[in-house]
Amino acid sequence: GGAFAALADDATAAFANPAGLVQLVSPEISIEGRYWSYSTPYVSGGRIWGSPTGIGIDSTAGLRTSSSNTDLTGLSFLSFVYPTGRWSFAFYRHLLSSYEFEGTVNGLYSGPWPDTGSVRREFAYDKSVDVQFVSYAVAAAFEVTETLSLGLAINSFEGDVDLITGVYGKIQSGLPADEFYAPIPIVPENLFYTASLLIDDRDWGLNLGAHWRPTESWRFGAFFREGPEFETVVELRAGPTYVGSEVSGEVIESESVPVRFPNVYGLGASYRSGNGSVTLSFEWDRVGYSSIFSDDDELSIDDANEFHLGGEYAFLKLDPIVSLRAGIWLDPDHQISYAGDNYVAEAALPPGDDQLH
């Protein structure tokens, strides 16, 4: 369940809390493969406000939602630890994030508007997102006393993000109702413009840890993980139907801005029974999501408090010993919030929900 900062008793401690690496008494390798199944909800059309006409696809009272479903696999963690005396050294590769999304918005209406008495239709959107963050790190831990150790990891982050939004349709008025309320064709010749947000960058960061073992049963851990800052290229390119551009593919607007990804702070505690068969562990993480849009007046993400709980039962009479672990954690809502006067952005970025994993 991610409640490992206080235990930190195997090779994955190189990431979870590097100070715990001193608990290993012999070289160790850890390899983790992972399967992700994402179901991401998004607004796909409907009524921002006003009553539907019942013509064509204008048949929904309120917003329509759909889900982007993606299954991914990958080598999520690999580490090697070498303890020597009061020191332990480690190397690890960690797949921090692997995520994909595809979704289409078509038939987003509002009105009739009081000033004109007409219904407004927004452009159709076709969006794809491909995100991958990987870190490579070297770590070291030192046993200050028999009960206290400190750890440090130096991370090299690689960020690869492709967020592409194709906007389809034409600026026109006076369309007959059957055409106005019909789906906009998502085809290349109907492309108005393409908006892209691209990251292909590297940065360095620190992972600091402390580990305290006051008794045989109790463990406490704390860590700080520094998030990377990546250079982000934001670009708009004209499509065939773009007004004012004679060349399809022409760059309308382009800028490069730095984006700071979240720092994470964590505290943990664990308890192991006298005979070692039962272990319970708790961890609180504070994730600084607000840093992502710190310079934006309209977009924001709230910082989040994650709560992790895990347990282990070891069958000590078996040879070799077999252990079962289970965990659960609270993933609080941290979707993008919009605080401006664009009613379309407000409708497309609704609050999310807390989730239990």
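Right, let's walk through the structure included here. (Residues numbered from 1 in each chain as written. Predicted model: local features only at pLDDT ≥ 70, side-chain atom pairs only at ≥ 80, totals over all residues. Heavy atoms only, no water.)

1. A word on the pairing of strand S1 (residues 28-49)
Applied cut-off: Strands are treated as partners if at least two bridges between them are detected by DSSP. Strands are runs of DSSP state E lasting at least two residues, helices are runs of H or I lasting at least four, and both sets are numbered from the N terminus onward.
When S1 meets strand S2 (residues 63-84), the two strands line up antiparallel, connected through 18 bridges. Counterpart to valine 43 in the pairing with S2 is threonine 65. Note: S1 against strand S4 (residues 108-110), three bridges, orientation parallel. Considered in S4, the bridge of glycine 46 is made with leucine 108.

2. Details of the side chain of threonine 70
Test applied: Here a polar contact means two N or O atoms within 3.5 Å. Within protein one must be a hydrogen donor candidate and the other an acceptor candidate, and residues neighboring in sequence count only if both atoms are side-chain atoms.
By the element assignment, threonine 70 lies in strand S2. Among the polar contacts listed, one links the side chain of threonine 70 to the backbone oxygen of glutamate 100, at a separation of 3.3 Å.

3. Things to note about the pairing of strand S7 (residues 148-168)
Examined bridge by bridge, strand S6 (residues 124-143) and S7 share 20 bridges and lie antiparallel to one another. Counterpart to serine 135 in the pairing with S7 is phenylalanine 157. In textbook terms, the turn of a hairpin is the stretch between consecutive antiparallel strands, and for S6 and S7 this stretch comprises four residues. Here S7 pairs with strand S8 (residues 191-212) via 21 bridges, running antiparallel. Bridge pairing links glycine 151 to glycine 209 in S8.

4. Regarding unusual backbone geometry
Between glycine 111 and the following residue, proline 112, the backbone shows a cis peptide bond with an omega angle of 10°. Along the chain, proline 112 turns up in the loop between S4 and strand S5 (120-121). Between aspartate 319 and the following residue, proline 320, the backbone shows a cis peptide bond with an omega angle of 5°. With respect to the element layout, proline 320 can be found in the loop between strand S15 (304-315) and strand S16 (322-331). A positive phi angle, near 45°, is found at alanine 8, a position not held by glycine. Considering the arrangement of structural elements, one finds alanine 8 in the segment before helix H1 (13-16).

5. Focus: the environment of leucine 299
This is how it is decided: Residue exposure (1.4 Å probe, protein chains only): buried if accessible area is under 20% of the type maximum, exposed if over 50%, otherwise partly exposed.
For leucine 299, the location among the structural elements is in strand S14 (residues 299-300). According to the relative accessible area criterion, leucine 299 is partly exposed, its value standing at 23%. Placed 41 residues apart in sequence, leucine 299 and glycine 340 show a C-alpha to C-alpha distance of 8.2 Å.

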